[in-house]
Amino acid sequence: MVRDAGPSFFARLKPPERFRRGPFGTGAFRSSLHSERTAAWLGLALGVLFIICFVTGLLSHLIQHPPAWFEWPSRPAGLYRVTQGLHVATGLASIPVLLAKLWTVYPRLWSWPPVRDLLHLMERLSLFPLVAGSLFLLFTGVADIGLWYPWRFFFPAGHYSAAWITIGAMIVHIGAKATIIRTELNHKSDEHPAPSQGMSRRRFFALIAGVAGGVTLTTLGQTLRPLNPLALLAPRRPDVGPQGFPVNKTASGAGVLEDARDPAYRLHVEGEVARPLSFSLAELQALPQHEATLPISCVEGWSASVRWRGVRVASLLALAGAAENAEVMIESLQAVGLYRSSELNRIHARDRDTLIALEVNGEPLHIDHGYPARLIGPNRPGVMQTKWVHRLVVL
Ligand SMILES: Nc1nc2c(c(=O)[nH]1)N[C@H]1C(S)=C(S)[C@@H](COP(=O)(O)O)O[C@H]1N2
Ligand SMILES: [Mo]
């Protein structure tokens, strides 16, 4: 008996007639926007957005949890504002593109045979982490910038692990689809006559680009000054708050109202120093003051640039006799909470604009902005600009 190499086992298993209705019926999805070509172009746009979002997110993670080989520079002063602004902007813009892509390809959920061979099975299985991961990242990201945490896990850890899973699955997906992608992106348009039914591909792309552009325009103003008035969809306006800029955590939220107002407040400089020192607020004010215009660049995507005045960290370190290449732990009066302390690497500790700020825009700090003293330095994530500073521990 000779077997011919016909269609695969699965392909020969035709679904029973009564299942070939609705989405399973032939011609159920008529719009030619459900084509490989549309999927490939949307995939390209989504791939570019996801890669920028992933790289900038990874960078933000490295800055906040630096491994031994990584030392984030303190210049240019506004670099983190740009990378984190890009992270949030590309994440938001990818939402309409992802939805369009899912809509374009969802008819394949009903394609027959469901599995052709092992490779096809693996390709289909990799779609699960890709789709679930993307939706998870975009949902948790949007919730985070709205300071809404309807879950039990720690947001940065969950968001970070999901990013690796999603990017891994994306690479597998691109690998599996490489041939199709190349063919579809290279075809001249006349080889694919314009679709006769429904919306044309050109209009569909224009619609998605319009929505993505609209989302970007109405949120980017949270960090881009000229677009401020347009930031209608951004959860925070960078010019609204005490002293003209937002507050991330209030003094009462951090439980420091009493300690921050205590006249016996002192700032300690200790650890690996020749002379441990401590200063009252009046003593800090009597030291040479330095001014710098620096942004608060929150990881949630908003940034506000303001004028700070205070004592250079480098001067305090020199007074205490710290080593030239010292790193410094900055600790807050705040007793508990993840952002009660932050680390200055060697470069940041030595930068002339890294300050223990006492004033902002010509006034003493508002208590919600860190009165009596806060850290402010160039090119740092907002979470590392510790408020209500109590202790500089030289490492
Ligand atoms: N002690 C302490 N400092 C802190 C925080 C905090 O929760 N506790 N939040 C940080 C975050 S996330 C940001 S974005 C900035 C915001 O500073 P602002 O509230 O003065 O705008 O403060 C940082 N400093
Ligand atoms: Mo922040």
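Residues numbered from 1 in each chain as written. Chains lettered and ligands numbered in written order. Predicted model: local features only at pLDDT ≥ 70, side-chain atom pairs only at ≥ 80, totals over all residues. Heavy atoms only, no water.

Enquirer: An account of the sheet that holds strand S5 (residues 328–332) is requested, with residue identities and associated values reported.
Expert: Spatial ordering of the open sheet is given by S2-S1-S10-S5-S6, a layout of five strands whose pairing is mixed. The sheet terminates laterally at strand S2 (277–280) and strand S6 (341–344), the two strands that pair on one side only. With direction set aside, neighbouring strand axes in the sheet form an average angle of 15°. Two elements, strand S1 (residues 266–271) and strand S10 (residues 389–394), share four bridges in a ladder whose sense is parallel. If you follow Gly-271 over to S10, its bridge partner there is Val-394. Running at roughly 130° to S2, helix H10 (residues 313–320) makes contact with S1, S2, S5, S6 and S10 of the sheet. (Pairing = 2+ DSSP bridges. Helix = DSSP H or I, 4+ residues; strand = E, 2+ residues; numbered from the N terminus. Axes fitted to C-alpha atoms, helices over the stretch in contact; angles between N-to-C directions. Contact = heavy atoms within 4.5 Å.)

Enquirer: How would you explain the environment of Leu-267 if you had to name every residue and give the values?
Expert: You can see Leu-267 is positioned in strand S1. For Leu-267, a relative accessible area of 0% gives the class buried. It is 9.7 Å that separates the C-alpha atoms of Leu-267 and Trp-388, two residues lying 121 residues apart in sequence. Not counting the four nearest positions on each side in its chain, Leu-267 is found in contact with Leu-277, Ser-278, Phe-279, Leu-284, Leu-316, Ile-356, Val-389, His-390, Arg-391 and Leu-392. (Buried < 20%, exposed > 50% of the residue type's maximum accessible area, 1.4 Å probe, protein only.)

Enquirer: Would you mind going over the site of ligand 1 in detail, with residue names and values included?
Expert: The environment of ligand 1 is made up of 20 residues, and the closest members are Pro-246, Gln-334, His-369, Arg-374 and Lys-387. With respect to ligand 1, the side chain of His-369 contributes an N or O atom lying 2.6 Å from an oxygen atom. Alone, ligand 1 offers 530 Å² of accessible surface; in the complex the protein occludes 99% of this. Taken together, the residues of the shell around ligand 1 break down into nine nonpolar, seven polar and four charged. (Near = heavy atom within 4 Å. Polar contact = N/O pair within 3.5 Å; in protein donor to acceptor, adjacent residues only side chain to side chain. Areas by Shrake-Rupley, 256 points an atom, 1.4 Å probe, with all protein chains shown as cover. Nonpolar A, V, L, I, M, F, W, Y, C, P; charged D, E, K, R; others polar.)

Enquirer: Hey, could you go over the pattern of salt bridges for me, with residue numbers and the actual values?
Expert: Evaluation of the coordinates by the stated rule reveals twelve salt bridges. A salt bridge links Glu-283 to Arg-266, with the nearest nitrogen and oxygen atoms 3.1 Å apart. Taken together, the residues Glu-283 in helix H9 (residues 281–286) and Arg-266 in strand S1 connect sequence positions 17 residues apart. In this structure Arg-266 comes out as partly exposed when scored by relative accessible area, which is 30%. We note a salt bridge from Glu-270 to Arg-391, for which the minimum N-O separation is 3.1 Å. Of the two residues, Glu-270 is situated in strand S1 and Arg-391 in strand S10; the sequence distance between them amounts to 121 residues. What makes Arg-391 partly exposed here is its relative accessible area of 24%. (Salt bridge = Lys/Arg side-chain N within 4 Å of Asp/Glu carboxyl O.)

Enquirer: Break down the packing of helix H3 (residues 79–105) against helix H4 (residues 118–145) for me, citing the residues and quoting the values.
Expert: Across the interface, H3 lies against H4 with an axial gap of 10 Å and an inter-helix angle of 140°. Considering their axes alone, H3 and H4 lie oblique with respect to each other. The chirality of how H3 crosses H4 is left-handed. From H3, Val-88, Gly-91, Leu-92, Ser-94, Ile-95, Leu-98 and Leu-102 reach across to H4, where they touch Val-131, Ser-134, Leu-135, Leu-138, Val-142 and Ile-145. Here the residues of the contact of H3 with H4 are counted per class, giving ten nonpolar, three polar and no charged. (Parallel < 35°, antiparallel > 145°, perpendicular 65-115°, else oblique. Left-handed = near helix turned anticlockwise from the far one by under 90°.)

Enquirer: How would you summarise the side chain of Thr-56 if you had to cite specific residues and measurements?
Expert: Tracing the backbone shows Thr-56 in helix H2 (residues 36–64). Among the polar contacts listed, one links the side chain of Thr-56 to the backbone oxygen of Cys-53, at a separation of 3.1 Å. The residues contacting Thr-56, other than those within four sequence positions of it, are Thr-83, Gln-84, Leu-86 and His-87.

Enquirer: Break down a nonpolar patch on the surface for me, citing the residues and quoting the values.
Expert: Nonpolar side chains collect at one region of the surface, where Trp-41, Leu-44, Val-48, Ile-52, Val-82 and Leu-86 lie side by side and expose about 480 Å² of accessible area between them. For the nonpolar patch, the elements supplying multiple residues, two or more each, are H2 and H3. At four residues, the largest contribution of residues to the nonpolar patch is made by H2. Summarising the element assignment, Leu-86 is placed in helix H3. (Patch = residues over 30% accessible without salt bridge, like charges linked within 9 Å, V, L, I, M, F, W, Y side chains within 5 Å.)

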